[in-house]
Amino acid sequence: MYIILCTKKECKMYRKYKILMLAVSRISPRMAIYMLRRTLRNRLAVILPNIYRNRIQNIENNLPKLKSPINLRSSLINIGEFYHSEYVNILPKVKDGILTFLGREIDFGSPSTIEWDINLPDEGDHQLWNTKLAHMGFVAAMILEGKPDYQDTIKTIVSSAHSQTSMTSPGAFRSFWFPYAASHRILSICSAYLIATNRGLIRPDVSKVVEEFIRLNVAFLIDNIEHELCNNHVERNLAAISLYFTYVDKVPAKFACKIERYISHIVMKTILSDGVQIERSPMYQGLSMASLDVIKDATFLTAKTRHHLRDTHSSVSKAFSYLCHPDGGVAMFNDAWDGEVPHYKGGAPSGRRIVLEQGGYARLYAGGDFCLLDAGPLGPSWNPGHGHSDFLSIEISIDNERLVVDPGTSRYNSGPERARERSAAAHNGPTWKGYEPVDFLGCFKVGRTAQAELISTNNLDDSVIAGKFRDRPGIVARGVQIFDGQGFLVGDYWKGEGNCEVNWLLPESWLLEPCPGGFQLKHLQKSIHANISFISGVTSYNVTKDEHALYYGRRSPANRITVSAEKYAGYCHTLTWFGRGEPSKVVLDAGKELLFNLRSALN
């Protein structure tokens, strides 16, 4: 028997290469081919800039011209409002060159001196502020406002972006000419431009500059659809291309056929039968909903495809409504934050219990009390880059206020904060202390993956949802039961080796006051009270200061309650109550059945 020792540096390098090899092994041959193409493009565009610019120019020269719509489709108005609502509040300062994205304000001095390739040191290897700048959604909002004193600013900013950025400069494809950013530019500016021309909100000289810029971006995107990344990137690419070609006189038949084939492929590959987008992020679910709203109205598609897309958009929209809290904001599972997609404004979806079997989500709701359980895979096997180790995690709202929260996503750039926010230890799913089921690397690379699964509701009361998760240390199950007007009973059951632990994260908007067996809670802004009671199985619990991210780039104070479970004959369990008041006798009696069902699911 030989023991191979390595230095700390060597072990770190070995782990890195192992994760990279696992990540590469999961991509499809099609994705690999496009990945190679992207690598060649990144190098050759810099080495042979004139050839690459001519390539894009030729595509642009063959583009049919936009036509002003006589009637505004609802999908066009929706996508315009999508960007207008996100950026309208920052417009008063844009005339002075002051831009605010992701909670950070930067003063460029004037609209003509915007640094399109700005690099923020603390954002490291993923400059999302710069990406939001490149989306240019604030320009779309200015166009839609239609104010005469905005016209010169719009012209200046668009002209600056056109003249001061180059797709053949080193790093351009990771910055302003990132195809995903180009997609958002087209969706935002093109939708605003079409609405503005219909309503007479844009001056002719400004219109000329804006349309030329749109055409350049469309030509670039046609040549750079992100098949190597698949998922939400291709959705956004195709939505942008569809928007443009919906408002031209004629689409070449060969081109229309190709785009229709791409659309059918991405929808089939990434939208599950229950409407959940395969990356399983409530935020990206909202982005998919917006993209499909545009694509379904693409007039160059066949009637059969449009009919299928309308049905798909309907199921995606319905799934989105299930993944939102009573406040309208999305749940924070996987990569997600508030403000990236509009809040859900419909009424509460009907149904006390809703189960999305393919998507791996289950929801309970009654009278302002909400619980969402994540019991699915990390993400798509070929690219689970937006996944977190939130297996069997839940989010809870009591009386319409968020009580149990996810750590969220405050950054994409690699580093200890990104690693922590994706870890199992940071989430409230039942864990084996010190064990991490997924290997993450950098911003989005994933080596070893894992998967939770929903427990069939066939033998469960209609007030119960449950899931289980199996990994190296053993198997664990979680069940949640709703009691209308009272709250939620949460049961966890472990079978295997190691110490069993749960970490509950509560926003600091709730004041915790210790009481026998738990905590009384008081909301600091509203006259709402709640109770947390540890009913059984808990050996100890303690409170520490922590943080959670509701918004990207910002973390807010939170309290973490770490609960240790008692082990007996290889099993552990905890039974915890989250409610408007202390648990009733009915709740306590129901706990026994809930634990019995969970233990049965482990065997």
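Residues numbered from 1 in each chain as written. Predicted model: local features only at pLDDT ≥ 70, side-chain atom pairs only at ≥ 80, totals over all residues. Heavy atoms only, no water.

A short note on the nonpolar core
Reasoning step 1: If you look at the biggest cluster of nonpolar residues, it comprises 114 residues, and the most contacted ones within it are M136, F138, V210 and F245.
Reasoning step 2: The leading source of residues in this core is helix α9 (residues 179–199), at twelve residues.
Reasoning step 3: With near-sequence residues (within four places) excluded, M136 lies in contact with W116, I157, V158, A161, F176, R185, S188, I189 and F213.
Reasoning step 4: Among the nonpolar cores identified, the runner-up in size contains 47 residues, and L373, I396, I528 and A565 belong to it. (Core = buried A, V, L, I, M, F, W, Y, C linked by side-chain atoms within 4.5 Å. Buried < 20%, exposed > 50% of the residue type's maximum accessible area, 1.4 Å probe, protein only. Helix = DSSP H or I, 4+ residues; strand = E, 2+ residues; numbered from the N terminus. Contact = heavy atoms within 4.5 Å.)

Thoughts on the sheet that holds strand β6 (residues 394–398)
Reasoning step 1: The strand order across the open sheet built from five strands is β3-β4-β5-β6-β7, with neighbouring strands paired in antiparallel fashion. Every interior strand has two partners, whereas the edge strands, β3 (353–356) and β7 (401–404), have only one. Strand-to-strand twist across the sheet, computed as the mean angle between neighbouring axes with direction ignored, equals 15°.
Reasoning step 2: Where strand β4 (residues 361–366) and strand β5 (residues 369–374) come together, six bridges link them in antiparallel fashion. Bridge pairing in β5 places L364 opposite C371. (Pairing = 2+ DSSP bridges. Axes fitted to C-alpha atoms, helices over the stretch in contact; angles between N-to-C directions.)

Remarks on helix α16 (residues 585–602)
Reasoning step 1: Here α16 is 18 residues long and its end C-alpha atoms lie 27 Å apart, about the 26 Å a rise of 1.5 Å per residue gives.
Reasoning step 2: Residues V587, A590, G591, L594, L595, L598, A601 and L602 constitute the buried set of α16.
Reasoning step 3: Where α16 is buried, its residues contact β12 (464–471), β13 (474–483), β14 (487–496), β18 (529–536) and β22 (571–579). (Expected span 1.5 Å × (residues − 1).)

Comments concerning the packing of helix α11 (residues 231–246) against helix α12 (residues 253–270)
Relative orientation and spacing of two packed helices are given, respectively, by the angle between their axes and the distance between those axes.
Reasoning step 1: At their nearest, the axes of α11 and α12 sit 10 Å apart, and the two run at 145° to each other. Considering the relative orientation of α11 and α12, their crossing is left-handed. On α12, the residues that touch N231, V234, E235, L238, I241, S242 and F245 of α11 are F255, I259, Y262, I263, I266 and T270.
Reasoning step 2: Counted by class, the contact of α11 with α12 contains nine nonpolar, three polar and one charged residues. (Left-handed = near helix turned anticlockwise from the far one by under 90°. Nonpolar A, V, L, I, M, F, W, Y, C, P; charged D, E, K, R; others polar.)

Considering the sheet that holds strand β15 (residues 500–507)
Reasoning step 1: Taken together, the four strands give an open sheet; going across it, the order is β8-β15-β20-β19, and neighbouring strands pair in antiparallel fashion. Pairing within the sheet leaves two strands with one partner each, and these edge strands are β8 (431–432) and β19 (538–551).
Reasoning step 2: Sheet topology places β8 next to β15; two bridges connect them, and they run antiparallel. Note on β15: the bridge partner recorded for T431 is E501.

Points about the environment of K433
Reasoning step 1: With respect to the helices, strands and loops of the structure, K433 is situated in the loop between β8 and β9 (440–441).
Reasoning step 2: For K433, a relative accessible area of 56% corresponds to the exposed category.
Reasoning step 3: Taking the C-alpha atoms as reference, K433 lies 22 Å from G517; in sequence the two are 84 residues apart.
Reasoning step 4: Contact partners of K433, with chain neighbours within four places excluded, come to N499 and E501.

With respect to unusual backbone geometry
Reasoning step 1: The phi dihedral of L102 falls on the positive side, at around 55°, and the residue is not glycine.
Reasoning step 2: Examined against the element boundaries, L102 turns out to sit in the loop between β1 (98–101) and β2 (104–107).
Reasoning step 3: Notably, N334 is not glycine yet its phi reads approximately 55°, a positive angle.
Reasoning step 4: When you line up the elements, N334 lands in the loop between α14 (303–322) and β3.
Reasoning step 5: On the basis of relative accessible area, N334 is assigned to the buried category, the value being 0%.

Some words on a nonpolar patch on the surface
Reasoning step 1: Together, L36, L40, L44, V46, I47, L48 and I51 give the surface a local cluster of nonpolar side chains, amounting to about 640 Å² of exposed area.
Reasoning step 2: Ranked by the residues each element gives to the nonpolar patch, the list is headed by helix α2 (residues 29–47), at five residues.
Reasoning step 3: Structurally, the position occupied by I47 is in helix α2. (Patch = residues over 30% accessible without salt bridge, like charges linked within 9 Å, V, L, I, M, F, W, Y side chains within 5 Å. Areas by Shrake-Rupley, 256 points an atom, 1.4 Å probe, with all protein chains shown as cover. Salt bridge = Lys/Arg side-chain N within 4 Å of Asp/Glu carboxyl O.)

Concerning the packing of aromatic side chains
Reasoning step 1: Considering all chains together, one arrives at 26 aromatic pairs under this definition.
Reasoning step 2: When the ring of F101 is compared with that of W129, the centres are 4.8 Å apart and the planes differ by 50°; the resulting orientation is tilted. You can see F101 sitting in strand β1 and its partner W129 sitting in helix α6 (residues 128–135), a full 28 residues away along the chain. Neither F101 nor W129 differs from the other in exposure class; each is buried.
Reasoning step 3: Aromatic side chains F519 and F534 sit 6.4 Å apart centroid to centroid with 85° between the ring planes, which places their arrangement in the edge-to-face category. Of this pair, F519 sits in strand β17 (residues 518–523) while F534 is found in strand β18, placing the two residues 15 residues apart along the sequence. For the pair F519 and F534, one class covers both residues: buried. (Phe/Tyr/Trp six-rings, centres within 6.5 Å; stacked < 30°, edge-to-face > 60°.)

Brief notes about a positive patch on the surface
Reasoning step 1: There is a patch of like positive charges on the surface, built from K8, K12, K16 and K445.
Reasoning step 2: At three residues, helix α1 (residues 8–26) tops the list of elements feeding residues into the positive patch.
Reasoning step 3: The residue K12 is located in helix α1 in this model. (Lys, Arg positive; Asp, Glu negative; His and termini not counted. Charge placed at Lys NZ, Arg CZ, Asp CG, Glu CD.)

Looking at the pairing of β19
Reasoning step 1: For β19 and strand β20 (residues 554–565), the ladder comprises eleven bridges, and the chain directions are antiparallel. Residue pairing in the sheet places Y541 in a bridge with V563 of β20.

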